[in-house]
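Coordinate analysis (summary)
This is what each chain is made of:
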Amino acid sequence: MATTTAAKKELSVKESTFLWEGKNKAGKVVRGEMNAPSAAVAQVTLRRQGIAVSKLKQKKIGSGGKVTDKDITLFTRQLATMVKSGVPLLQAFDIVGKGTNNPALAKLLTSIKTDVETGSSLATAFRKYPIYFDALFCNLVAAGEQAGILDTLLDRLASYKEKIQAIKSKLKSAMFYPTSILVVAFVITAVIMIFVVPAFKGVFASFGGDLPGPTLVVIAISDYFVENWYVIFGALFAAIYGGCMHSNAHAPFKSQWINTRSSCLSLAI
C-alpha cells in the first residue's frame, strides 16, 4: 500500500522544461532543452551525459490563447490516430501536447495526462472539463474504455467532431454574405441621407410650391441623420459589439445544441 502511494506521488510530480548550455567532452559548446522535475535533477542528468553545464534556466511557457473547438477536434483526431496505431495513451498525450503551438491546449492536455497518471480513467479526466468535452464525448470514451474499443470510438468521435466543425464553418460562411450586404446597404443609405439629400434640399426649396409627401419624408429622415449621426452610428456599433459578446457568452450552449442535434446522424454515418 505504501509502495502504491509513493508511486502515485512520484507520478504526480510535474516536470518542467529547462534550457541548458554547456560543453561536451570534446570541449564543444552545445545547447538544448530537457524535461526534469527540478533544475538540480536536470543538472545531474546532463553531468551524467558528460556535459559541463554553464547555463541552466527554466523555459517560460506563455499563458495566452484559448482552447477552441478546432483545437479539440484536431486533438481528438490525433489521439484517435495514435491510439489506433498502438501508441500508449500517456505517450500520445505527450506527443500532442509538445506538438501544439497553443499554450492553453498544452496546459489542458498536461492536466488530463496527470489525472490519468494518478489513476483516473480517461473519461473521468475529460469530465472535469465540460466546456471542452460534452456529455456525449465523455460517455463514448467511457464506453470505449469499458468495452476495449477505445481506438474505434475515438476514431468515430474524431469523424463526428470534424463534421460538426464543417457544419459550423458552413453556417458562418452562409451568414457572412447577408450580413455584409446589410452593412453596405446601411452605409450607402447613411451617406445619401447625410451628404446627398442635404445638397438637394436647397434646390427643392428654390422650386417653390409644396413638395410631394414622400419627398418631405426623405428630407425629414435626412435631417434626423444629420443631427443625430453620432447616436445612430454609436447605437449600431453598440448593437454589433453586444451581439458578438452575447454570441461568445452563449457559444458553449450553441455548440452543445448543434452537437446534440447532429450526434445521432453523424455517428451513424
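Residues numbered from 1 in each chain as written. Predicted model: local features only at pLDDT ≥ 70, side-chain atom pairs only at ≥ 80, totals over all residues. Heavy atoms only, no water.

1. Quick word on the overall build of the chain
Assigned secondary structure in the chain consists of 10 helices and 3 strands. Ordered by position from N to C terminus, the α and β elements of the chain give α-β-β-α-β-α-α-α-α-α-α-α-α. The buried share of the chain, taken over its 269 residues, is 28%. Of the contacts formed within the chain by residues at least 6 apart in sequence, a portion of 56% connects residues at least 24 apart. Here the chain displays about 17,600 Å² of accessible surface, and carbon together with sulfur accounts for 64% of that area. (Helix = DSSP H or I, 4+ residues; strand = E, 2+ residues; numbered from the N terminus. Buried < 20%, exposed > 50% of the residue type's maximum accessible area, 1.4 Å probe, protein only. Contact = heavy atoms within 4.5 Å. Areas by Shrake-Rupley, 256 points an atom, 1.4 Å probe, with all protein chains shown as cover.)

2. Considering the confidence of the model for the chain
When pLDDT is averaged across the chain, the result is 79; 82% of the residues are at 70 or more. Model confidence for the chain, summarised as mean pLDDT per element, is weakest for helix 1 (residues 2–12) at 42 and strongest for helix 6 (residues 122–127) at 93. The low-confidence segment residues 1–12 (pLDDT under 50) makes 3 contacts with residues lying over four places distant or belonging to another chain. Within the model, the stretch residues 260–269 combines pLDDT values under 50 with 14 contacts to residues more than four positions away or in other chains. (pLDDT = per-residue confidence, 0-100.)

3. Brief notes about the nonpolar core
Most often, soluble globular proteins have nonpolar side chains that are buried together. With 32 residues, the main nonpolar core has Ile112, Phe126, Phe133 and Val141 as its most contacted residues. Of all the secondary structure elements, the ones that give two or more residues to this core are helix 3 (69–84), helix 4 (89–99), helix 5 (103–117), helix 6, helix 7 (135–147) and helix 8 (150–207). Discounting chain neighbours no more than four positions away, the residues touching Phe133 are Ile72, Phe75, Leu108, Ile112, Phe126 and Cys138. Among the nonpolar cores identified, the runner-up in size contains 8 residues, and Phe18, Trp20, Ala36 and Ala42 belong to it. (Core = buried A, V, L, I, M, F, W, Y, C linked by side-chain atoms within 4.5 Å.)

4. Overview of helix 3
With 16 residues, helix 3 should reach 22 Å at 1.5 Å per residue; the first-to-last C-alpha distance of 22 Å fits that figure. Asp71, Ile72, Thr73, Phe75, Thr76, Leu79, Ala80, Met82 and Val83 are the residues of helix 3 that are buried. Summarising the contacts, the buried residues of helix 3 are in contact with helix 4, helix 5, helix 6, helix 7 and helix 8. Among the residues trailing helix 3, Gly86 stands out with phi positive, at a value near 95°. (Expected span 1.5 Å × (residues − 1).)

5. Describing the pairing of strand 2 (residues 29–36)
Pairing between strand 1 (residues 16–23) and strand 2: 8 bridges, direction antiparallel. Of the residues in strand 2, the one forming a bridge with Leu19 is Glu33. With antiparallel pairing between neighbouring strands as the criterion, strand 1 and strand 2 make up a hairpin whose turn holds 5 residues, including Gly27 at a positive phi of roughly 85°. (Pairing = 2+ DSSP bridges.)

6. Side note on the sheet that holds strand 3 (residues 52–58)
Spatially, the 3 strands line up as an open sheet ordered 2-1-3, and their pairing is antiparallel. On the outer flanks of this sheet lie strand 2 and strand 3, each paired with one strand and no other. On average, each strand axis in the sheet is tilted by 25° relative to the strand beside it, whichever way the strands run. (Axes fitted to C-alpha atoms, helices over the stretch in contact; angles between N-to-C directions.)

7. Focus on the pattern of salt bridges
Between side chains of opposite charge, a pair can form as their charged atoms come close. Under the defined criterion, the tally for this structure stands at 7 salt bridges. Between Arg31 and Glu21 there is a salt bridge; the shortest N-O distance is 3.4 Å. Separated by 10 residues along the polypeptide, Arg31 in strand 2 and Glu21 in strand 1 bring together distant segments of the chain. If you follow the salt bridges from partner to partner, you end up with Arg77, Asp155 and Glu162 in one network. (Salt bridge = Lys/Arg side-chain N within 4 Å of Asp/Glu carboxyl O.)

8. Structural notes on the packing of aromatic side chains
As enumerated under the stated definition, the model contains 7 aromatic pairs in all. When the centroid spacing of 6.3 Å and the interplanar angle of 70° are considered together, the rings of Phe75 and Phe133 count as edge-to-face. Taken together, the residues Phe75 in helix 3 and Phe133 in the loop between helix 6 and helix 7 connect sequence positions 58 residues apart. Like Phe75, the residue Phe133 is buried in the burial classification. Here Phe133 and Phe137 contribute two aromatic rings whose centre-to-centre distance is 5.1 Å and whose plane-to-plane angle is 45°, an arrangement assigned as tilted. When sorted by exposure, Phe133 lands in the same class as Phe137, which is buried. By the ring-pair criterion, three or more aromatic residues cluster together here, those being Phe75, Phe93, Phe126, Phe133 and Phe137. (Phe/Tyr/Trp six-rings, centres within 6.5 Å; stacked < 30°, edge-to-face > 60°.)

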